[in-house]
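Summary of structural features
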Amino acid sequence: MDLHPLDLRVTRYAAEAKDVVLIELRAADGRALPPFSAGAHLEIRVAGDLPRHYSLLNAPHERDCYQIAVGLAPDSRGGSRFLHQQLRLGDTLACSLPRNHFPLDEHLQRYCLVAGGIGITPILAMLRWCQAHDKDWRLVYCARNRQRAAFYETLRELDPARVHLHFNDEAGGHLDTAGLLDTLRDDEHLYACGPAPMLDALQAAAGPRAERLHIERFNAAPASTEGDSGFTVHLSRSDRSLWVAPQQTILEALEHHGIELPFSCRAGLCGSCETRVCAGVPDHRDLILSDADKAEGRSLMICVSRALGDSLVLDL
Ligand code: FES
């Protein structure tokens, strides 16, 4: 299976804020692109390195281009450094189809959109969808300072009654997340993307509002294997069984036995390794599946998730 079937040409490349570039991608032959929904991302294979994920920020009804924005990560493993320093207008990038692990519930009437730093990218697509569908929305956007606030000019032109900009240097600290949650109306859902401390603070203060809180993380915290036990995985289609050791993931055990399966992030963030469960109860550790999907236990991310019992049967 080709995980990166779209060859897309860079048709716009512009500085958006300090250490943030806007990249616009179009089909090389000018054809319409596959549709996407607000919150979706593209997986891009960058310079022969591991694939990277970037949220689409343009309006989801647009079919002629995809837009992403890339912040230069100080600890870049190569992805953002390449896109900042070597990518040129007219270059071609191998991209996946759009995937969405951060979808908006489109049946709501009221949305509180919260972005921290480069987390503004999926939130912008959501905001544009809300505008196009006449929804009641508001935006809270936090950045260290104005110079680092990507899309500052775009956001400034929006209805100031709906947009709250929070700059840490001017406000003298981080956003009061508990205070923000207290302003949430009963029928309002909060969608947030940003750095881990901001999302952790929202989750910690959510209480009974947790079911109306939807978040997307950039990175997963390093997984702890402390206290994990080994278990058996039976592969139903090939009728093979293999042992997953306590410090090993299912993906690693499969690779150890020469079985190659698609993967990307290896951190439970991207969905590339999702595998159907035929029997057994998964111990879900990913950051993608909803609580309802986890409770159903029909699939799991084999890069991080394990078995709650002695064994799992997988559709492999
Ligand atoms: S490889 Fe990304 S979720 Fe498993």
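Because the structure is predicted, anything quoted here is derived from the model rather than measured. (Residues numbered from 1 in each chain as written. Predicted model: local features only at pLDDT ≥ 70, side-chain atom pairs only at ≥ 80, totals over all residues. Heavy atoms only, no water.)

Comments concerning the domain arrangement of the protein
Where we set the bar: Here the bounds of each domain stem from an automatic or database domain assignment. We call two residues in contact when some of their heavy atoms are within 4.5 Å. Two parts placed together each lose some accessible area under a 1.4 Å probe, and the buried area is that loss summed for both. Any Lys or Arg side-chain nitrogen found within 4 Å of a carboxyl oxygen on Asp or Glu counts as a salt bridge. In the analysis that follows, any N or O atom pair within 3.5 Å is treated as a polar contact, provided that within protein one partner can donate a hydrogen and the other can accept it, and provided that, for residues neighboring in sequence, both atoms belong to side chains. Numbering of helices and strands starts at the N terminus; helices are DSSP runs of H or I of at least 4 residues and strands are runs of E of at least 2. Residue classes follow a fixed rule: Ala, Val, Leu, Ile, Met, Phe, Trp, Tyr, Cys and Pro count as nonpolar, while Asp, Glu, Lys and Arg count as charged, and any other residue, Gly among them, counts as polar.
Here the protein is described as being made up of domain 1 (6-95), domain 2 (110-216) and domain 3 (231-314). With centres defined by C-alpha atoms, the gap from domain 1 to domain 2 works out at 23 Å. With 18 residues of domain 1 in contact, the opposing surface of domain 2 contributes 16 residues. Taking both sides of the interface into account, the surface hidden between domain 1 and domain 2 amounts to around 1,300 Å²; carbon and sulfur atoms contribute 65%. When residues of domain 1 are sorted by the area they lose upon contact with domain 2, Glu 16, Lys 18 and Leu 57 head the list and together hold 33% of the total. On inspection of domain 1 and its partner domain 2, the count reaches one salt bridge. In this structure, the salt-bridge partner of Asp 19 is Arg 148, at a minimum N-O distance of 3.7 Å. At the junction of domain 1 with domain 2, the criterion picks out three residue pairs in polar contact (both at pLDDT 80 or more). Looking at which element gives the most residues to the side of domain 1 that touches domain 2, the answer is strand E5 (residues 66-71), with three residues. Of the residues assigned to the side of domain 1 that touches domain 2, the class counts are ten nonpolar, five polar and three charged.

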